[in-house]
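Coordinate analysis (summary)
As a plain string of letters, each chain reads:
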Amino acid sequence: MFENLSERLSGVFDRLTKQGALSEEDVKTALREVRVALLEADVSLPVARTFIKKVQDQATGQAVTKSITPGQQVVKIVHDALVDTLRGEEDPGKLKIDNPPAPILMVGLQGGGKTTTTGKLAKRLKDKEGKKVLMASLDVYRPAAMDQLKVLGAQIGVDTLPIVPGQTPVDIAKRAKQQAALGGYDVYMLDTAGRLQIDEVLMKEVEDVRDVVSPRETLLVVDGLTGQVAVEVAEEFDAKIGISGVVLTRMDGDGRGGAALSMRAVTGKPIRFVGLGEKMDALETFEPDRIAGRILG
Ligand code: GDP
């Protein structure tokens, strides 16, 4: 496993002066270790560099408080700076879904956890906010994906739009919009088709759907374990479709969560939720504090 950053820094400071203020040299040496820790946690190199620079200015000249060792002190400074960088929305779990029926567009690559997250989020909106939710699958290429959403809906007690073979994604989106209005739904969620990688046809299709429903939220669902790839996917989707937030899945895995920092720093988009398992209640609001702790190990 990864070496704990606190321990590693203690080692560094054991070799350094332990009194007075942190000198520029002390901080530099310590931050070299921090940089390694960030890279091990899968933070991208440019993001790690920028971040270290920011922390360096902050840490230099800070008095070493007697109660804690310099190592712990640097860890705290780095931890706080991570939280600061990761923090996006005031309340990431609060979606803009007033003015019913509010459309939520779910986008992402195939296998990232989009359908599962659609179900989890629908359940959350129903259980925690008492919303009446309608889900619709726009994956006309994979009948199994449509069935998957239907099965999830039945399992969590959320309605799904009846499947009509032969319709285009835009047809289905229009039908969902109409059904949501007629049926008195608060929210309708559109689970778009994913691809193994980004392609023009996919993007055009999602754009067309977006233009038909004008989503209140467009959430990108990406596998948090894919690190830099997740960030590139987010940049592409944001450039073409415009996303309002990100859901990082598989954060129950043993990755260190550095993708979250890169995601936030590179795209500027807030991480709204994290997926923590396959079950329908394994979705949590994004907490910068928790991810910061995890990145530092
Ligand atoms: P989609 O192709 O993007 O719709 O992906 P799916 O929703 O079908 O998910 C693909 C696989 O990932 C399924 O086996 C899910 O159960 C699993 N999965 C989704 N989210 C998570 C998560 O947060 N943690 C774990 N461990 N598995 C997840």
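On a predicted model such as this, the values are computed, not experimentally measured, just so you know.

**A short note on the environment of Phe273**
Summarising the element assignment, Phe273 is placed in strand 7 (residues 271-275). Other than its neighbours up to four places away in sequence, Phe273 contacts Pro92, Gly93, Leu95, Leu121, Arg124, Val246, Val247, Leu248, Leu283, Glu284, Thr285 and Phe286.

**As for the confidence of the model for the chain**
Overall, the predicted model of the chain reaches an average pLDDT of 89, with 93% of residues at or above 70. Across the predicted assembly, pTM comes out at 0.92 and ipTM at 0.99.

**Digging into helix 8 (residues 200-213)**
With 14 residues, helix 8 should reach 20 Å at 1.5 Å per residue; the first-to-last C-alpha distance of 20 Å fits that figure. Contact partners of the buried residues in helix 8: strand 1 (102-107), helix 7 (169-182), strand 4 (187-191) and helix 9 (228-240). Put simply, Asp199 is the residue that caps the front of helix 8, since its side-chain oxygen is 3.1 Å from the backbone nitrogen of Val201. Ser214, located one to two residues past helix 8, shows a positive phi value of around 45°.

**Some remarks on the sheet that holds strand 2 (residues 133-137)**
Taken in spatial order, the eight strands make up an open sheet running 3-2-4-1-5-6-7-8, and their pairing is mixed. Edge positions in the sheet fall to strand 3 (159-160) and strand 8 (283-285), since each of these pairs with one other strand and no more. Pairing of strand 2 with strand 4, which is carried by five bridges, proceeds in the parallel orientation. By the bridge assignment, Met135 is partnered in strand 4 with Met189. Against the sheet, helix 8 touches strand 1 and strand 4, its axis set at about 170° to strand 1.

**A closer look at the UniProt feature "domain: SRP54-type proteins GTP-binding" (unreviewed entry) in the chain**
The feature "domain: SRP54-type proteins GTP-binding" (unreviewed entry), as annotated in UniProt, sits at residues 270-283 in this numbering. In residues 270-283, helix accounts for 0% and strand for 43%; the two terminal C-alpha atoms are 16 Å from one another.

**Observations regarding the packing of helix 7 against helix 8**
Closest axis-to-axis distance for the helix 7/helix 8 pair is 9 Å, and the angle between their directions is 25°. Classified by the angle between their axes, helix 7 and helix 8 sit roughly parallel to one another. For helix 7 against helix 8, the interelement crossing comes out right-handed. Of the residues in helix 8, those in contact with Pro169, Val170, Ala173, Lys174 and Lys177 of helix 7 are Glu205, Asp208, Val209, Val212 and Val213. Looking at the contact of helix 7 with helix 8 residue by residue, the class counts come to six nonpolar, no polar and four charged.

**Notes on the pairing of strand 2**
For a regular strand, side chains alternate in direction, first toward one face of the sheet and then toward the other. Here strand 2 lies mainly inside the structure; five of its five residues are buried. Both faces of strand 2 are covered, namely the face carrying Val133, Met135 and Ser137 and the face carrying Leu134 and Ala136. Strand direction decides the pairing type here: strand 2 and strand 3, joined by two bridges, are parallel. Across the sheet, the residue bridging to Leu134 is Asp159, located in strand 3. Handedness of the crossover is the feature at issue here: the chain leaves strand 2, passes through helix 6 (residues 143-156), returns alongside strand 3, and the resulting connection is right-handed.

**A few points about helix 3 (residues 45-59)**
Helix length check: helix 3, at 15 residues, gives a terminal C-alpha distance of 21 Å against a target of 21 Å (1.5 Å per residue), a fit within 8%. Among the residues of helix 3, Val47, Ala48, Phe51, Ile52, Val55, Gln56 and Ala59 are the ones counted as buried. Projected down its long axis, helix 3 carries its buried residues within an arc of 165°, all on one side. Opposite the packed face of helix 3, turned more than 90 degrees from it, sit the exposed residues Pro46, Thr50, Lys53 and Asp57. Residues of helix 3 that are buried make contact with helix 2 (24-40), helix 4 (70-86) and helix 10 (258-267).

**Side note on the nonpolar core**
By size, the foremost hydrophobic cluster in this structure holds 68 residues, and its most contacted members are Leu190 and Phe237. The element that contributes the greatest number of residues to this core is helix 4, accounting for eight residues. Membership of the second largest hydrophobic core comes to 22 residues, among which are Met135, Leu152, Met280 and Leu283.

**Points about the side chain of Gln56**
Looking at the secondary structure, you find Gln56 in helix 3. Classification of Gln56 as buried rests on a relative accessible area of 18%. Contact partners of Gln56, with chain neighbours within four places excluded, come to Val27, Lys28 and Leu31.

**A word on the packing of aromatic side chains**
The final tally for this structure, using the stated rule, is zero aromatic pairs. Lys132 extends its terminal NZ or CZ atom over the ring of Tyr185, reaching a point 4.5 Å from the ring centre.

**A word on the site of the ligand**
In the vicinity of the ligand there are 18 residues, among which Gly111, Lys114, Thr116, Arg250 and Asp252 approach most closely. Within the backbone of Thr115, an N or O atom sits 2.8 Å from an oxygen atom of the ligand. Glu278 is positioned such that a nitrogen or oxygen atom in its side chain is 3.0 Å from an oxygen atom of the ligand. For the shell around the ligand, the leading source of residues is helix 5 (residues 114-129), giving four residues. Partitioned by chemical class, the residues of the shell around the ligand number two nonpolar, 10 polar and six charged.

Scoring rules and cut-offs
- Residues numbered from 1 in each chain as written.
- Predicted model: local features only at pLDDT ≥ 70, side-chain atom pairs only at ≥ 80, totals over all residues.
- Heavy atoms only, no water.
- Helix = DSSP H or I, 4+ residues; strand = E, 2+ residues; numbered from the N terminus.
- Contact = heavy atoms within 4.5 Å.
- pLDDT = per-residue confidence, 0-100.
- Expected span 1.5 Å × (residues − 1).
- Polar contact = N/O pair within 3.5 Å; in protein donor to acceptor, adjacent residues only side chain to side chain.
- Pairing = 2+ DSSP bridges.
- Axes fitted to C-alpha atoms, helices over the stretch in contact; angles between N-to-C directions.
- UniProt positions renumbered as here; feature names shortened; annotations may be inferred.
- Parallel < 35°, antiparallel > 145°, perpendicular 65-115°, else oblique.
- Left-handed = near helix turned anticlockwise from the far one by under 90°.
- Nonpolar A, V, L, I, M, F, W, Y, C, P; charged D, E, K, R; others polar.
- Buried < 20%, exposed > 50% of the residue type's maximum accessible area, 1.4 Å probe, protein only.
- Right-handed = clockwise from strand over helix to strand, strands pointing away.
- Arc of directions from axis to C-beta.
- Core = buried A, V, L, I, M, F, W, Y, C linked by side-chain atoms within 4.5 Å.
- Phe/Tyr/Trp six-rings, centres within 6.5 Å; stacked < 30°, edge-to-face > 60°.
- Lys NZ or Arg CZ within 6 Å of the ring centre and 35° of its normal.
- Near = heavy atom within 4 Å.

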